[in-house]
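# Fold and geometry: a report
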Amino acid sequence: MAKRSTTFVCQSCGAVTAKWAGRCESCGEWNSIVEEQTGGGIGGGPSRGSTTRGRVIELVGLEGDAKEPLRIQSKVAELDRVTGGGFVRGSALLVGGDPGIGKSTLLIQAAAALADLGHKTVYISGEEAIGQVRLRAERLGLAKSPVALAAETSVEDILATLQADKPPALVILDSVQTLWTDKVDSPPGTVTQVRASAQAMVRYAKKTGSTLVLVGHVTKDGQIAGPRVVEHMVDAVLYFEGDGAHQYRILRSVKNRFGATDEIGVFEMTGAGLQQVANPSALFLGERSTNSPGAAVFAGLEGSRPLLIEIQALVAPSPLGTPRRAVIGWDSARLSMILAVLEARCGIRFSQHDVYLNVAGGLRINEPGADLAVAAALVSSLSGLALPANCVYFGEVSLSGAIRPVAQAQSRLKEAEKLGFDKAFCPQGNLKDKALTDLTANGLEELGDFIAKISAQAGRTESDGS
Ligand code: TYD
Ligand code: MG
């Protein structure tokens, strides 16, 4: 019989300590440490006596046979893109996201899509009763799909059920926080339970070749065990994001052992469930006002996919000694840097002005390639002159004011052309390779140069208009 012991586990990061403390030393979270009983054997395979000798394993070279993993495609293109071309057999995925963002909706739609294609699909809900899941399926028009459904939280029961029959192609567990196993004594939802349950399920998937999808909540206050501890166990981690104010949702892969990360799938939450958005640029540019100062279209890149996004700036005289800088959807340190470069290298002063910057549509951009579009929006707002509506901007600005090349300029230009733009400002370094588009691309080397060009252009548009 394994010895029981008491440990203190941080419910936010999973760190184990011998004593209780008000604050976790490892992640800094307050009030997250909970006493847990651990039986032996969590995470263990069958325990061997310490005197047994290990088996000798064969070591091989890097070169040799390697098969492409077998995949099952859901034919939901946006989902397949994010998984790297379909769910890999025998792999485990974690789909994380805020409560209410649409994880259950996405997965029931994926389950139905696979079931309709003839794959055996099991959906186990630990959060909702069968009736609730059925109601949702009916609302989504999926009630006829041959998905096998259960409402259950006990890992032993789930495993017994799955093992009684041919292994399914896809098993969805919604959510990992509700699972519990007899093997450990901690209450459901604690890190120890979540870890032990997830591990048992992942082992099942690896052994049988089923694809396992675990749903996990991310809560701000760390009340329920975060799925962070599970992230290390699974092969892929997808985040489903979006905010309540906007109807679109983004599925983003942050870890993928079988495909590229940073890939995104865009969906729109409608009355009839999640619809794929095949052309997200059109969505993000949808409500653009073309002739107001302070707006610039950034030709960005999310994963391998080009995306056009509107950057909005408002520069207004400040009554405060220390003017305000507020940023939504971009890095505020990066904004300070662009302001400093504009001031030091181009002589444009913002020190008497409040600066507000917003990425339209509620999207978050992490790319430094947005520097040029931000600079354009700032200068346009300060001068009160609108930028031409048919033009896109991209390029990284260095502290010296030089404009540096960015990745995949061609696909950005092509996306802009596809959406009816006919001009682009981009780094000169990106124009070395022959342009394949009909777009007029203006190559730039210096920020000062760029400011002079757009000022002249904006002025011209102004005089044309009046
Ligand atoms: P849900 O999938 O239950 O979220 P999660 O599993 O991530 O907690 O979806 C919750 C929200 O989605 C809910 O507020 C209602 C909305 N929704 C729609 O707008 N349309 C629909 O067709 C469905 C099923 C849900
Ligand atoms: Mg749910």
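This text follows the structure it describes.
What this report covers is the structure whose coordinates are included nearby.

### Description of the overall build of the protein
- Counting its secondary structure elements, the protein contains 11 helices and 23 strands.
- If you line up the protein on its principal axes, its C-alpha atoms span 85 × 55 × 50 Å.
- A burial count over the protein gives 47% of its 466 residues as buried.
- Considering only contacts in the protein between residues 6 or more positions apart, those separated by 24 or more positions represent 68%.
- For the protein, the accessible area works out to roughly 22500 Å², and carbon and sulfur atoms hold 51% of it.
- Seen as two clouds, the 47 positive and the 49 negative side-chain charges of the protein have centres 5 Å apart.

### Concerning the environment of glycine 369
- In this fold, glycine 369 is placed in the loop between strand S18 (353–359) and helix H9 (371–383).
- Along the backbone, glycine 369 and glutamate 231 are 138 residues apart, and their C-alpha atoms lie at a distance of 29 Å.

### Overview of the packing of helix H8 (residues 332–346) against H9
- Packing of H8 against H9 brings their axes to within 10 Å, and their N-to-C directions diverge by 65 degrees. The handedness of the crossing between H8 and H9 comes out as right-handed. Here H8 contributes Arg334, Leu335, Met337, Ile338, Leu339 and Leu342 to the contact with H9, which in turn contributes Asp371, Val374, Ala375, Leu378 and Val379.
- Per-class residue counts for the contact of H8 with H9 are nine nonpolar, no polar and two charged.

### Some points on the site of ligand 1
- Close contacts around ligand 1 come from 16 residues, with Gly100, Lys103, Ser104, Thr105 and Arg136 the closest.
- Interatomic distance of 2.9 Å between a backbone N/O atom of glycine 273 and an oxygen atom of ligand 1.
- Within the complex, 74% of the 560 Å² of free accessible area of ligand 1 lies under protein.
- Every element with two or more residues in the shell around ligand 1 is listed here: helix H2 (103–116), helix H3 (130–139) and strand S13 (264–270).
- In terms of residues, the shell around ligand 1 owes the most to one element, H2, which gives three residues.
- Within the shell around ligand 1, the residues separate by chemical class into five nonpolar, seven polar and four charged.

### Notes on helix H5 (residues 191–208)
- Between its first and last C-alpha atoms H5 spans 26 Å; for 18 residues at 1.5 Å apiece the expected length is 26 Å, and the two agree.
- Among the residues of H5, Val191, Thr192, Gln193, Val194, Ala196, Ser197, Ala198, Met201, Val202, Tyr204 and Ala205 are the ones counted as buried.
- Of the residues trailing H5, glycine 209 is marked for its positive phi of about 85 degrees.

### A look at the pattern of salt bridges
- One pass over the full model with this rule turns up 15 salt bridges.
- Notably, a salt bridge pairs arginine 257 with aspartate 235, separated by 2.8 Å at the nearest N-O pair. Here arginine 257, found in the loop between strand S12 (248–256) and S13, pairs with aspartate 235, found in the loop between helix H6 (228–231) and strand S11 (236–241); they are 22 residues apart in sequence, far enough to count as distant.
- Linking arginine 334 and aspartate 371 is a salt bridge whose minimum nitrogen-to-oxygen distance equals 2.6 Å. Remark: aspartate 371 occurs in helix H9 and arginine 334 occurs in helix H8; sequence separation between them is 37 residues.
- The structure contains a network of salt bridges with shared partners spanning Arg334, Asp371, Glu396 and Arg404.

### Regarding the sheet that holds strand S7 (residues 121–125)
- Spatially, S8-S7-S9-S10-S6-S11-S12-S13-S14 is the arrangement adopted by the nine strands of the open sheet, whose pairing is mixed. Only two strands of the sheet have a single neighbouring strand rather than two, namely strand S8 (148–151) and strand S14 (273–276). When the angles between neighbouring strand axes are averaged without regard to direction, this sheet yields 25 degrees.
- For S13 and S14, the ladder comprises four bridges, and the chain directions are antiparallel. What sits directly across from threonine 270, in S14, is glycine 273.
- H2 rests against strand S6 (92–97), S7, strand S9 (170–174), strand S10 (211–217), S11, S12, S13 and S14 of the sheet, and its axis sits at about 160 degrees to S7.
- Lying on the sheet, H5 is in contact with S6, S9 and S10; it crosses S10 at an angle near 160 degrees.

Rules of the game
Here the residue numbering is sequential within each chain, running from 1 through the sequence in written order. Ligands are numbered from 1 and chains lettered from A, in the order in which they are written. Whole-chain, interface and lining totals are the exception, using all residues; otherwise, since this is a predicted model, local features are given only for residues with pLDDT of at least 70 and side-chain atom pairs are given and counted only at 80 or more. Side-chain calculation: all heavy atoms of the structure are included, whereas hydrogens and water are not. By definition, any uninterrupted DSSP run of H or I lasting at least four residues is a helix, any uninterrupted run of E lasting at least two residues is a strand, and each is numbered from the N terminus. Relative accessibility thresholds used throughout: buried, under 20% of the residue-type maximum; exposed, over 50%; partly exposed, between the two (1.4 Å probe, protein chains only). Between two residues, a contact is recorded if the distance between any of their heavy atoms is within 4.5 Å. Exposure was quantified through the Shrake-Rupley algorithm and a 1.4 Å probe, taking into account, for residues, occlusion by the shown protein chains and nothing else. The charge count treats Lys and Arg as positive and Asp and Glu as negative. His and the chain ends do not count. To locate a charge, take NZ of a lysine, CZ of an arginine, CG of an aspartate or CD of a glutamate. What counts as an axis is a line fitted to C-alpha atoms, over the stretch in contact for a helix, and the angles between N-to-C directions run from 0 to 180 degrees. Two helices crossing with the near one rotated counterclockwise from the far one by less than a right angle form a left-handed crossing, whereas a clockwise rotation gives a right-handed crossing. Charged residues are taken to be Asp, Glu, Lys and Arg, nonpolar residues to be Ala, Val, Leu, Ile, Met, Phe, Trp, Tyr, Cys and Pro, and polar residues to be all remaining types, Gly included. Proximity is defined per residue: if any heavy atom of the residue lies within 4 Å of a molecule or strand, that residue is considered near it. Any pair of N or O atoms that falls within 3.5 Å is considered a polar contact. Within protein, one atom must be able to donate a hydrogen and the other to accept it, and sequence-neighbouring residues count only if both atoms are side-chain atoms. Helix span, expected: 1.5 Å multiplied by one less than the number of residues in the helix. Basic side-chain nitrogens of Lys or Arg form a salt bridge, by our definition, when they fall within 4 Å of a carboxyl oxygen of Asp or Glu. In this analysis, strands are considered paired if DSSP registers two or more bridges between them.

The quantities given are spatial measurements derived from coordinates; they are silent on function.
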